[in-house]
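If you want the building blocks of each chain, they are given just below.
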Amino acid sequence: CALPGSTGRLTKLWFCTARFHGEGYQEGLAEGSHAGMAEGRRHGALHGARMGSEIGCYLGFALMWHCLLQKCTDPKSSKKLRALDSLIAMIQKFPYEDPTYDKLQEDLEKIRGKFKQVCSMLNIQSDFRLGNERSSLTF
């Protein structure tokens, strides 16, 4: 590292150290930013898949029960069908494509609550689990 017109070795050393420190910082920042983006992408994909799996199970459950109860004419079945319709509508309005939606978690909690309410109305014990091997919805 040579500086023209420099007066001493210590000055040259100081300038070289400062330059290499700055270059090292910039290289480290670039590498860290790239690694952080890749890690964030993996994290987002994993959690998005989990959320999609959970909501998909709720929707499948609701549609199946809606079909089963559709032919029943008693008042209790009518109330259950309205609750199922509400759950299906909430799921269909959920903004899957917008991870920046500010009420994403809040809306997901509302769907979970409605699902639990429907299960209670149907006298079904719900237990949604996401494990490492597979996801399951047990009754």
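Structure report, in brief. (Residues numbered from 1 in each chain as written. Predicted model: local features only at pLDDT ≥ 70, side-chain atom pairs only at ≥ 80, totals over all residues. Heavy atoms only, no water.)

Across its full length, the protein chain carries 3 helices and 2 strands. Reading the secondary structure of the protein chain in the N-to-C direction produces α-α-α-β-β. A total of 139 residues make up the protein chain; the buried ones form 23% of that total. Put simply, 54% of the contacts in the protein chain that link residues at least 6 apart link residues at least 24 apart. A total accessible area of about 10300 Å² is found for the protein chain, and carbon and sulfur atoms account for 56% of it. (Helix = DSSP H or I, 4+ residues; strand = E, 2+ residues; numbered from the N terminus. Buried < 20%, exposed > 50% of the residue type's maximum accessible area, 1.4 Å probe, protein only. Contact = heavy atoms within 4.5 Å. Areas by Shrake-Rupley, 256 points an atom, 1.4 Å probe, with all protein chains shown as cover.)

Here we come to the nonpolar core. For soluble globular proteins, the rule of thumb is that nonpolar side chains tend to be buried together. One finds F61, W65, L87, F94, V118 and L122 to be the most contacted residues of the largest nonpolar core, which totals 22 residues. Those elements that place two or more of their residues in this core are helix 1 (9–69), helix 2 (75–93) and helix 3 (104–121). (Core = buried A, V, L, I, M, F, W, Y, C linked by side-chain atoms within 4.5 Å.)

Right, let's get into the packing of helix 2 against helix 3. Where helix 2 contacts helix 3, the two axes come as close as 10 Å, and the packing angle between them is 160°. Taken together, helix 2 and helix 3 sit at an angle that is classed as roughly antiparallel. Crossing of helix 2 against helix 3: the hand is left-handed. Residue-level contacts link K79, K80, A83, L84, S86, L87, M90 and I91 of helix 2 to K110, I111, K114, F115, V118 and M121 of helix 3. A class-by-class count of the residues in the contact of helix 2 with helix 3 yields 9 nonpolar, 1 polar and 4 charged. (Axes fitted to C-alpha atoms, helices over the stretch in contact; angles between N-to-C directions. Parallel < 35°, antiparallel > 145°, perpendicular 65-115°, else oblique. Left-handed = near helix turned anticlockwise from the far one by under 90°. Nonpolar A, V, L, I, M, F, W, Y, C, P; charged D, E, K, R; others polar.)

Turning our attention to the environment of L69. Looking at where L69 falls in the secondary structure, it is placed in helix 1. For the pair L69 and K80, spaced 11 residues apart in sequence, the C-alpha to C-alpha distance is 8.0 Å. For L69, the residues in contact, after removing those within four places along its chain, are S77, K80, L81, L84 and L122.

Here we take up the packing of aromatic side chains. Inspection of the entire model under this criterion finds 4 aromatic pairs. Relative to F15, the ring of W14 has its centre 5.0 Å away and its plane inclined at 75°; by these criteria the two rings are edge-to-face. Residue classification places F15 among the partly exposed residues on the basis of a relative accessible area of 39%. Between the aromatic rings of F94 and Y96, the centroid separation amounts to 5.4 Å while the plane-to-plane angle is 70°, which identifies the pairing as edge-to-face. By relative accessible area, which is 4% here, F94 ends up buried. Relative accessible area serves as the criterion here: at 43%, Y96 is assigned to the partly exposed category. Grouped by ring-pair contacts, the aromatic residues Y58, F61 and F115 constitute a single cluster. (Phe/Tyr/Trp six-rings, centres within 6.5 Å; stacked < 30°, edge-to-face > 60°.)

A separate point is the side chain of S77. Within the secondary structure, S77 sits in helix 2. Its relative accessible area of 5% is what places S77 among the buried residues. Of the polar contacts made by the side chain of S77, one reaches the side chain of D74; its length is 2.8 Å. With near-sequence residues (within four places) excluded, S77 lies in contact with L69 and C72. (Polar contact = N/O pair within 3.5 Å; in protein donor to acceptor, adjacent residues only side chain to side chain.)

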